[in-house]
Amino acid sequence: MRATTIHAPRDIRLSEVPDPTITAPTDAIVRVLASCICGSDLWSYRGENPITAGSTIGHEAVGVVEEVGSDVTSFRPGDFVIAPFDHCDNTCPHCLAGAQSACVNLGFTTSGQAELTRVNQAEGSLVKTDGPPDESLLPSLLALSDVMATGWHAAVAAGVRPGTTAVVVGDGAVGLCGVLAARELGAARIVAMSRHADRQQLAREFGATEVVAERDEAGVEAVLELTDGVGADAVLECVGTDQAMGTAFQIARPGSTVGFVGVPHGVQLPVRRMFQRNIGLAGGMAPVRRYLPDLLGRVLAGRIDPGRVFDQTLPLDDVAEGYRAMDERRAIKVLLRP
């Protein structure tokens, strides 16, 4: 099959690799109809993560079931499915406690940017639609495999509740989905921290009531001014850098929680500030399967349209250009069609 492979920093190729096969009775093979490039893929693209030359990359996909293992009874070939990036059996003690991203049988989509991908806990992970979805829904359904569920996890972890003030640090696809999640969870004020006009506009359309373009101390001062010096009731950290985490804790009011979902790189927590101001930290890798049924219902009901974060669509043949576009911030998120 054709699949995206990474060979070195900024060296993305479309290669011929062996088709995935059923290796365990819990597996399913999915033919990918739509996939995308994630902001977290850029850590590897930029050389910030270790690279195994020639390995496949991409963890977000929707498609049609091709084959299932003997333990998979709820899905059959031809079913349209959403594949969470983190696979779970959905029955272990951690899954039953809502921590599917820590499943004892945890697995991951490793060839999402490809023609085929394997889900190694298919029975517990996959979610299907009632028949083939309308083509117009594909972007939003694809967003549920990661970014919308991850933004939702940030909002839930931060404790967004009706009537609260939420601030979203980060204007990538996850941050924008965090704005959408905060709106759905009833926040009265949603402040999006963003320096890019196109992302600011989408944030407003998703529900942001204010936008702060400044960064660092100037950004902190702007948020504090908006909140009369109090700070945010809930902060969604959707970047993963030390700068973003530092900002999140500076704008969080005493007694609040920072919900973090940005993959951390070089982050040092301000433990003394957390202690003195009773600011909590919660979140981490999103348990996508936990949120998927609810989010799918919201998409199908027309309540949310997270697929709008995709502002560029490319054929899989042009995947390298998709990485360049996101790396250079010419695109928020690139959708790929095999």
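Above this text sits the structure in question.
Trainee: Looking at this structure, how should I read helix α6 (residues 173-184)?
Mentor: Each α-helix winds once per 3.6 residues, and so residues spaced three or four apart point in a common direction. Counted at 1.5 Å a residue, the expected span for α6 with its 12 residues is 16 Å, and the 17 Å between its end C-alpha atoms agrees. In terms of residue burial, α6 counts as a mostly covered element, since 11 of its 12 residues are buried. Tucked inside the fold, the buried residues of α6 contact α5 (147-158), β11 (165-169), β12 (189-193), α7 (197-206), β14 (232-237) and α11 (288-300).

Trainee: Where do I start with the pairing of strand β3 (residues 28-36) in this structure?
Mentor: Two faces make up the sheet, and in a regular strand the side chains alternate between them. Of all 9 residues making up β3, 7 are buried, and the element is well covered by its neighbours. Where β3 meets strand β5 (residues 61-68), 7 bridges bridge the pair, whose relative direction is antiparallel. Counterpart to I29 in the pairing with β5 is E67. Pairing of β3 with strand β9 (residues 116-119), which is carried by 4 bridges, proceeds in the antiparallel orientation. Across the sheet, R31 pairs through a bridge with L116, a residue of β9. Pairing analysis gives 2 bridges linking β3 to strand β18 (residues 334-337), with the strands arranged antiparallel. For S35, the partnering residue across the bridge sits in β18 and is L336.

Trainee: What exactly am I supposed to notice about a negative patch on the surface here?
Mentor: Together, D216, E217, E221 and E225 line one region of the surface with negative charge. Within the fold, D216 resides in helix α8 (residues 216-226).

Trainee: I keep staring at α8 and nothing clicks. Help me out?
Mentor: Taken together, the buried positions of α8 are G219, V220, A222 and V223. Across the axial projection of α8, the buried residues extend over an arc of 160°, all falling on one side. Away from the buried face of α8 by more than 90 degrees, exposed residues E221 and E225 are located. Taken together, the buried residues of α8 touch β11, β12, β13 (210-212) and α9 (242-251). One or two positions beyond α8, positive phi appears at D228, with a value near 55°.

Trainee: Explain the sheet that holds strand β15 (residues 252-260) to me, please; I cannot follow it from the model alone.
Mentor: Read from one edge of the open sheet, 6 strands run β13-β12-β11-β14-β15-β16, paired in parallel fashion. Of all the strands in the sheet, the pair left with one neighbour each is β13 and β16 (280-283). For this sheet, the mean angle separating the axes of adjacent strands, direction not counted, is 20°. In this sheet, β12 lies alongside β11 in parallel orientation, the contact comprising 5 bridges. Within the sheet, the bridge partner assigned to V168 lies in β12 and is A192. Packed on one face of the sheet, α8 meets β11, β12 and β13 and runs near 155° to β13. Packed onto the sheet, α9 meets β11, β12, β14, β15 and β16 and runs at close to 150° relative to β15.

Trainee: I tried to follow the packing of α5 against α11 on my own but got confused; where do I start?
Mentor: Each pair of packed helices can be described by the angle between their axes along with the distance between the axes. Running from amino to carboxyl end, α5 crosses α11 at an angle of 105°, the nearest separation of the two axes being 10 Å. By the angle between their axes, α5 is roughly perpendicular relative to α11. Here α5 contributes M148, A149, W152, H153 and V156 to the contact with α11, which in turn contributes V288, R290, Y291, D294, L295 and R298. Residue composition of the contact of α5 with α11, by class: 7 nonpolar, 1 polar and 3 charged.

Trainee: Whenever I open this one, the packing of α5 against α6 confuses me. Can you help?
Mentor: Viewed as axis vectors pointing N to C, α5 and α6 meet at an angle of 55°, and their least axial separation amounts to 7 Å. With respect to α6, the axis of α5 lies oblique. Pair α5 / α6 crosses with right-handed handedness. Along the contact surface, α5 presents V147, M148, T150, G151, W152 and A155, while α6 presents A173, V174, C177, G178, L180, A181, A182 and E184. Looking at the contact of α5 with α6 residue by residue, the classes come out as 10 nonpolar, 3 polar and 1 charged.

Trainee: How should a nonpolar patch on the surface be read in this particular structure?
Mentor: On the surface, a nonpolar cluster with roughly 230 Å² of combined accessible area is contributed by L106, F108 and M285. Within the element layout of this structure, M285 appears in the loop between β16 and α11. When its relative accessible area of 36% is taken as the criterion, M285 is described as partly exposed.

Reading guide: rules and limits
Starting afresh in each chain, residues are numbered from 1 along the sequence in its written order. Thresholds applied to this predicted model are a pLDDT of at least 70 for local features of residues and 80 or more for the giving and counting of side-chain atom pairs; totals over whole chains, interfaces and linings are not thresholded and use all residues. The basis for the side-chain values is all heavy atoms of the structure; hydrogens and waters are excluded. Under the scheme used here, helices are H or I runs from DSSP no shorter than 4 residues and strands are E runs no shorter than 2 residues, and both carry numbers assigned from the N terminus. To estimate the expected span of a helix, count its residues, drop one, and scale the result by 1.5 Å. Only protein chains enter the calculation, and the probe is 1.4 Å; a residue is then buried if its accessible area is under 20% of its type maximum, exposed if over 50%, and partly exposed in between. Working rule for contacts: check all heavy atoms of both residues, and any pair within 4.5 Å makes them a contact. A strand pair is defined by DSSP finding two or more bridges across the two strands. The patch calculation keeps residues exceeding 30% relative accessible area without a salt bridge and links them within 9 Å when they carry like charges or within 5 Å when they are nonpolar (Val, Leu, Ile, Met, Phe, Trp, Tyr). Per-residue and other accessible areas were derived by the Shrake-Rupley procedure at a 1.4 Å probe size, with only the shown protein chains allowed to occlude residues. Criterion for a salt bridge: a side-chain nitrogen of Lys or Arg within 4 Å of a carboxyl oxygen of Asp or Glu. Positive: Lys, Arg. Negative: Asp, Glu. His and the chain ends are not part of the count. Charge placement uses NZ in Lys and CZ in Arg. For Asp and Glu, CG and CD serve respectively. The directions from the helix axis to the C-beta atoms form the arc being described. Helix axes use the C-alpha atoms of the stretch in contact, all axes being lines fitted to C-alpha atoms, and the angles between their N-to-C directions lie in the range 0 to 180 degrees. Any angle that falls under 35 degrees is termed roughly parallel, while one over 145 is termed roughly antiparallel, one within 65 to 115 roughly perpendicular, and all others oblique. Residue polarity follows a fixed list, in which Ala, Val, Leu, Ile, Met, Phe, Trp, Tyr, Cys and Pro are nonpolar, Asp, Glu, Lys and Arg are charged, and the others, Gly among them, are polar. Handedness of a crossing follows from how the near helix is turned relative to the far one, being left-handed for an anticlockwise turn of less than a right angle and right-handed for a clockwise one.

Geometric values such as these leave the question of function open.
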